[in-house]
Amino acid sequence: MSLAAEMANAADSWLRSLTADQRAAAAYPGPGAGDRERTTWFYTPTDHGGLTLNEQRPGQQQLAMRLLAAGLSLEGYALAAIVMSLENVQDRLESWTRDWGRERGRDPGAYYFRVFGSPGDATWGWRCGGHHISVNYTIVDGRVASCTPCFIGALPAELSLLAGETLRPLGDLEVIARELARDLDQRGQAVVLHRSAISDIVSGNRARVLDGDEMIHMQDLWRGSFTDERLSSLLDQIDAVGEEGSGYGSGDHRVLAITSRPKGVPGSALTPDGQARLLALVEAYLRRFPGEIAGPWLASYHTGGGLADLHFAYAGEPSADRGPVYYRLQDERLLVEYDNTQTNANHAHSVVRDLTADFGMDALAEHRRTYHAAGQQ
């Protein structure tokens, strides 16, 4: 069974299990009619749109999680499940005080599922989103046209366990990048964009990444704005702390802006050890997806010269083993961003974007040209 067919079966089973009232929240018009909502996504603890796990019976929750699992590898699904469960941990670390305008601010049940269109149609899609998770899929003509944006974060990013063990949900994504940045900096290669890490990913929650995009500030990363002055002021405070910690002004943000011509050092300029680290990073990000997606994408980097145009750029102190850090990987298709700066550098964000296919925009446009121009449905 193809991945697209597996997703269609999982989405259809979930939708069929819902009541009429639940379906009203879970089902949305398909790509085209619902593109504004379909391409509106978040990674903050806000309303992501759809039906939450809290609003479902246990059996329905299982079917929803089956849909999420269809869009991730086993390792990626395990990561997502851990991130959801960390809401309970963060709730305790914050002394149960954070509410974000809802009954429970740190809520492992506040993950939203929504299907766009009818599973198995020529064009349809689905989304799972909540704090630190946003998985978005678009299916066109029976194949997966897009698996991005795919955001996974971790709060806390590192947590002490019993018997001297440590939980780091995002693993060595940071360690490998620090090693690579340190080696390049010592060699005098211009990998460091800024000696201070920016306070968030730069691409933010945009529907499409464009040349010149700068970091979106905290207040604009939520669905709507808070009418509660207490919460609005809290966002202002979080943003101010982040800006003060980074020391960034408008000029610094321009230095870190996304550009169509990638910044940093290309894979072609790396030593064999450096290329091995770069490949390890790419694999760690792309293997969050099922093999049908990850395999071909990774194959393009394993072939001769595949890493040549993949650039690595870094912001932060490259000699430091800990502390605030930001980096990105970018070529013509792939954009990866990672930051760990907030909450005393124990709050990590990671995102995978496909600069050629986020939300399947180009595939949907081609489908419309091919079929609708001829009067077909």
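Each value, and the rule that gives it
Residues numbered from 1 in each chain as written. Predicted model: local features only at pLDDT ≥ 70, side-chain atom pairs only at ≥ 80, totals over all residues. Heavy atoms only, no water. Phe/Tyr/Trp six-rings, centres within 6.5 Å; stacked < 30°, edge-to-face > 60°. Buried < 20%, exposed > 50% of the residue type's maximum accessible area, 1.4 Å probe, protein only. Helix = DSSP H or I, 4+ residues; strand = E, 2+ residues; numbered from the N terminus. Lys NZ or Arg CZ within 6 Å of the ring centre and 35° of its normal. Contact = heavy atoms within 4.5 Å. Pairing = 2+ DSSP bridges.

J.: Quick question: what am I supposed to make of the packing of aromatic side chains here?
T.: Working definition: an aromatic ring pair is given by the centre-to-centre distance plus the angle between the planes. Scanning all chains against the criterion turns up 13 aromatic pairs. Ring centres 6.0 Å apart and planes at 45 degrees place the aromatic pair W41 and Y43 in the tilted group. The same class applies to W41 and to Y43, which are both buried. A ring pair is formed by W100 and W222, whose centres lie 4.6 Å apart and whose planes are at 45 degrees; its orientation type is tilted. Residue W100 is located in the loop between α5 (74-93) and β3 (112-116), and its partner W222 is located in the loop between β10 (192-194) and α7 (229-246); the two are separated by 122 residues in the primary sequence. The pair formed by W100 and W222 is uniform in burial state, with each residue classed as buried. For R333, the ring lying beneath its charged end belongs to W297, and the centroid distance is 3.8 Å.

J.: Please clarify how the environment of Q342 should be interpreted in this entry.
T.: If you trace the backbone, Q342 turns up in helix α11 (residues 342-345). Judged by relative accessible area, which is 15%, Q342 ranks as buried. Sequence spacing of Q342 and G245 is 97 residues, and the spatial spacing of their C-alpha atoms is 8.9 Å. When neighbours within four sequence positions are excluded, Q342 is seen to be in contact with S199, D200, M218, H347 and H349.

J.: Can you help me understand the pairing of strand β14 (residues 334-340) in this one?
T.: When a strand is regular, its side chains alternate between the sheet's two faces. Counting buried positions along β14 yields seven of seven residues, so the element is predominantly enclosed. The alternating pattern of β14 places L334, V336, Y338 and N340 on one face and L335, E337 and D339 on the opposite face, and all of these are buried. Alignment of strand β13 (residues 325-330) against β14, held across six bridges, turns out to be antiparallel. Across the sheet, R328 pairs through a bridge with E337, a residue of β14. Following β13, the chain reverses through three residues before pairing antiparallel with β14. Here seven bridges tie β14 to strand β15 (residues 348-354), and the two strands are oriented antiparallel to one another. Of the residues in β15, the one forming a bridge with Y338 is S350.

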